[in-house]
Amino acid sequence: MADVQSGVASKKIHPDAYGALIEALTTINWNKLAYQQDVRRRLREHPELLTRLDFTTTKRETSAQLVNMLMAEEKRYRELTVELMTDISRLDSFPNLVKQVDADDLLAKAREAVTNLEKWVGPHAAIAEEREKFSAELAAHREKVSRSRDFTDVLGELKQEFLRLHGMVNRQQDGSSSPSCTGCSRFSILSRHFPIA
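The paragraphs below set out a description of the structure included in this document. (Residues numbered from 1 in each chain as written. Predicted model: local features only at pLDDT ≥ 70, side-chain atom pairs only at ≥ 80, totals over all residues. Heavy atoms only, no water.)

1. Observations concerning the overall build of the chain
For the chain, the helix and strand inventory stands at nine helices and zero strands. Order of helices (α) and strands (β) in the chain, N terminus to C terminus: α-α-α-α-α-α-α-α-α. Taking contacts inside the chain between residues at least 6 apart in sequence as the whole, the part at least 24 apart equals 70%. Counting only carbon and sulfur atoms, one obtains 55% of the accessible surface of the chain, whose full area is about 12,600 Å². (Helix = DSSP H or I, 4+ residues; strand = E, 2+ residues; numbered from the N terminus. Contact = heavy atoms within 4.5 Å. Areas by Shrake-Rupley, 256 points an atom, 1.4 Å probe, with all protein chains shown as cover.)

What follows is the structure, encoded as structure tokens:
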């Protein structure tokens with residue numbers, strides 16, 4: 001498992017991919033309010049980044065500021081960066097740009113920026129896929145360990161019950177009134193942990 005994780009962690013995002021992200025973030029919205037809302041939505045789970053962004057500057061400066069933070073802490077934000085790149089590279093409509101007077105020119109620039117970003121997504125999307133695969137393998141391993149512990153606990157309880165019953169002089173002391181029910185408590189231990197459906 002550690003090999004998978006270290007392999008994922010060792011892959012660096014190409015500097016030109018970061019440049020393509022700046023360009024795409026800058027061009028997919030024309031108005032600053034639409035741009036700001038879009039960035040806030042994309043970073044909603046990362047308020048520590050949002051609070052450091054200066055939306056009073058130009059869109060390009062704010063985009064560069066964001067990307068510089070992602071680059072500076074690449075190990076921490078690699079997954080977010082790849083997610084941003086992937087999401088933006090899949091855009092095929094630009095509602096804010098369509099409303100502008102020079103929509104044709106703005107749409108052409110946005111499509112070019114998104115296409116350029118898409119070229120970088122392929123190699124870096126493997127990072128996200130490997131991380132997802134590792135997470136799934138880790139969850140399956142944890143579940144297996146948990147089930148193994150449960151089974152070990154049940155076996156321990158059964159062993160204790162067996163030793164208790166074996167050490168009894170009068171087997172009727174196990175709480176049952178009928179000789180045919182000797183060992184019923186053993187089955188109750190099993191049924192608590194492994195109910196019969």
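Okay, back to it.
2. Focus on the side chain of Lys59
The residue Lys59 is located in helix H5 (residues 59-72) in this model. For Lys59, which is buried and forms no salt bridge, the nearest opposite charge comes from Glu23, at a distance of 9.4 Å. In this structure the side chain of Lys59 is engaged in a polar contact, spanning 2.6 Å, whose partner is the backbone oxygen of Asn29. In contact with Lys59, not counting residues within four places along its chain, are Thr26, Asn29, Trp30, Lys32 and Tyr35. (Buried < 20%, exposed > 50% of the residue type's maximum accessible area, 1.4 Å probe, protein only. Lys, Arg positive; Asp, Glu negative; His and termini not counted. Salt bridge = Lys/Arg side-chain N within 4 Å of Asp/Glu carboxyl O. Polar contact = N/O pair within 3.5 Å; in protein donor to acceptor, adjacent residues only side chain to side chain.)

3. With respect to the nonpolar core
Among the nonpolar cores identified, the biggest contains 36 residues, and Leu21, Leu43 and Leu70 are the most heavily contacted of them. Mapped onto this core, the elements with two or more residues apiece are helix H2 (15-27), helix H3 (32-42), helix H4 (47-50), H5, helix H6 (74-89) and helix H8 (103-166). Per-element accounting of this core gives the leading share, eight residues, to H8. If we ignore the near neighbours within four places in the chain, the residues touching Leu21 are Val67, Leu70, Thr81, Leu84, Met85, Ile88 and Leu117. (Core = buried A, V, L, I, M, F, W, Y, C linked by side-chain atoms within 4.5 Å.)

4. As for the environment of Val114
Mapped onto the secondary structure, Val114 falls in helix H8. Sequence separation between Val114 and Asp92 is 22 residues, and the spatial gap between their C-alpha atoms is 8.7 Å. Val114 has contacts with Ile28, Ile88, Ser89, Leu91 and Phe94, leaving out every residue within four places of it along the chain.

5. Description of the packing of H2 against H5
Helix packing geometry: the angle between the two helix axes and the distance between the axes. The contact between H2 and H5 brings their axes to 9 Å, and the two run at 145°. Regarding H2 and H5, the two cross each other, and that crossing is right-handed. Every residue of H5 that contacts H2 at Tyr18, Leu21, Ile22, Glu23, Leu25 and Thr26 is listed here: Lys59, Arg60, Ser63, Ala64, Leu66, Val67, Leu70 and Met71. Split into classes, the residues belonging to the contact of H2 with H5 amount to nine nonpolar, two polar and three charged. (Axes fitted to C-alpha atoms, helices over the stretch in contact; angles between N-to-C directions. Left-handed = near helix turned anticlockwise from the far one by under 90°. Nonpolar A, V, L, I, M, F, W, Y, C, P; charged D, E, K, R; others polar.)

6. Notes on H3
Among all positions in H3, only Ala34, Tyr35, Asp38, Val39 and Arg42 are buried. One face of H3 carries all of its buried residues, which in axial projection span an arc of 130°. Set apart from the buried face of H3 by more than 90 degrees, the exposed residues are Leu33 and Gln37. (Arc of directions from axis to C-beta.)

7. Some remarks on the packing of aromatic side chains
This structure, assessed with the given rule, holds one aromatic pair. Taken together, a centroid distance of 6.4 Å and an interplanar angle of 65° make the contact between Tyr35 and Phe55 edge-to-face. Of the two residues, Tyr35 is situated in helix H3 and Phe55 in the loop between H4 and H5; the sequence distance between them amounts to 20 residues. Judged by its relative accessible area of 2%, Tyr35 is buried. (Phe/Tyr/Trp six-rings, centres within 6.5 Å; stacked < 30°, edge-to-face > 60°.)

8. Quick word on the pattern of salt bridges
Per the counting criterion, the structure on display carries eight salt bridges. We note a salt bridge from Arg78 to Glu74, for which the minimum N-O separation is 3.8 Å. With Arg78 and Glu74 both in helix H6, this residue pair falls four residues apart, about one helical turn. You can call Arg78 buried: its relative accessible area is 4%. Judged by relative accessible area, which is 9%, Glu74 ranks as buried.

9. Let's talk about the environment of Arg60
Secondary-structure assignment places Arg60 in helix H5. Sequence-wise, Arg60 and Leu25 are 35 residues apart; in three dimensions their C-alpha atoms are separated by 7.9 Å. Residues within four places of Arg60 in sequence aside, it is in contact with Ile22, Glu23 and Thr26. Engagement of the side chain of Arg60 in a polar contact is seen with the side chain of Glu23, the distance being 2.7 Å.

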